[in-house]
Amino acid sequence: MTARKMPNMDISWLVALEDEFKKPYMLNLRQFLIQEKSKNKIIFPPNEKTFSSFQLTSLNEVKLVIIGQDPYHGVGQANGLAFSVEKDTKIPPSLINIYKELEEDINLQPPNHGDLTFWAKQGVLLLNSVLTVVKGEPASHSGKGWEIFTDKVIEILNQKENIVFMLWGSYAQKKGSIIDASKHCVLKAPHPSPLSAHRGFFGSKHFSKANQYLITKGKTPIKWTQEEINY
């Protein structure tokens, strides 16, 4: 794959993942996406935002990883970051619950929008397992190769040290099963969706626990709210 066709991501990720883009599964995935678009299917997020998580958070700056499943499939929602939506879009139920837990945990007002770009810029890799989806069809691009790609991303991160991994729900926990808990901080809880948040996501205090860990490792804690950033 030529440089001209390389995805829109930070150079640190391009270097680390260069070989992946040459592998048959990724070439097949690219062809699949081209075919989907040729059928006039609307794919989210917009093409330029497919790799937003890798553009906004360089490999060298990753402090914390939150693993999602696939992008939101509604119009104007997906922006390439797990659990995040465009700023002028209604906040989805799972993110509402994330914000509820955040406020309860650190006693600060969460944002009044669902755009988590400001987390990504602080070293929070908001990684979906699958990076594209067809409008109105959840999981429509599952099993097409994205999972292999993001497994490689997790493998690369696992080779580092002192990263916090937030694994919410059984899907994320299975995805993150290779993470070496002796080198990293692995925080597990049920998924924040309305169906399961009350089973232990609420009260998990992952946000304060993550920052406590980062501080012990000499890293700057995450400013989870706009209130902290503006202070």
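In case you missed it, the structure is sitting above this.
We now turn to the structure provided with this report. Keep in mind it's a predicted model, so treat the numbers as computed, not measured.

The subject of this paragraph is the pattern of salt bridges. Enumeration over the complete set of coordinates arrives at six salt bridges. Here Lys23 ties to Glu20 by a salt bridge, and the two come within 2.7 Å at their closest N and O atoms. Here Glu36 ties to Lys41 by a salt bridge, and the two come within 3.1 Å at their closest N and O atoms. Judged by relative accessible area, Lys41 falls into the partly exposed class, the value being 33%.

It is worth spelling out the layout of surface pockets at this point. Sizing a probe to match a water molecule and rolling it over the atoms shows the empty space that remains. When its volume is computed, the largest pocket comes out at roughly 460 Å³. The wall of the largest pocket is formed by 21 residues, among which Arg30, Leu33, Lys37, Asn47 and Phe51 lie closest to the centre. Looking at side-chain class alone, the lining of the largest pocket contains 13 nonpolar, four polar and four charged residues. Looking at the second largest pocket, it is lined by 23 residues, and the ones nearest its centre are Gln69, Asp70, Pro71, Tyr72 and His191. Put simply, the parts of the chain that give the lining of the second largest pocket at least two residues each are strand E2 (64–68) and helix H7 (170–175). Of the residues contributing to the lining of the second largest pocket, the split by class is eleven nonpolar, eleven polar and one charged.

Applying the stated rule across the entire model yields 16 aromatic pairs. When the ring of Phe51 is compared with that of Phe54, the centres are 6.2 Å apart and the planes differ by 55°; the resulting orientation is tilted. Among the residues examined, Phe51 registers a relative accessible area of 11% and is labelled buried. In this structure Phe54 comes out as buried when scored by relative accessible area, which is 0%.

About the criteria used
Residues numbered from 1 in each chain as written. Predicted model: local features only at pLDDT ≥ 70, side-chain atom pairs only at ≥ 80, totals over all residues. Heavy atoms only, no water. Salt bridge = Lys/Arg side-chain N within 4 Å of Asp/Glu carboxyl O. Buried < 20%, exposed > 50% of the residue type's maximum accessible area, 1.4 Å probe, protein only. 1 Å grid on protein atoms, 1.4 Å probe; cavity = no way out; pocket = protein on both sides within 12 Å on 5 of 7 lines; lining within 4 Å. Points joined across faces, edges and corners; volume = space filled by probe spheres on them. Nonpolar A, V, L, I, M, F, W, Y, C, P; charged D, E, K, R; others polar. Helix = DSSP H or I, 4+ residues; strand = E, 2+ residues; numbered from the N terminus. Phe/Tyr/Trp six-rings, centres within 6.5 Å; stacked < 30°, edge-to-face > 60°.

Such coordinate-based values are descriptive only and should not be taken to indicate function.
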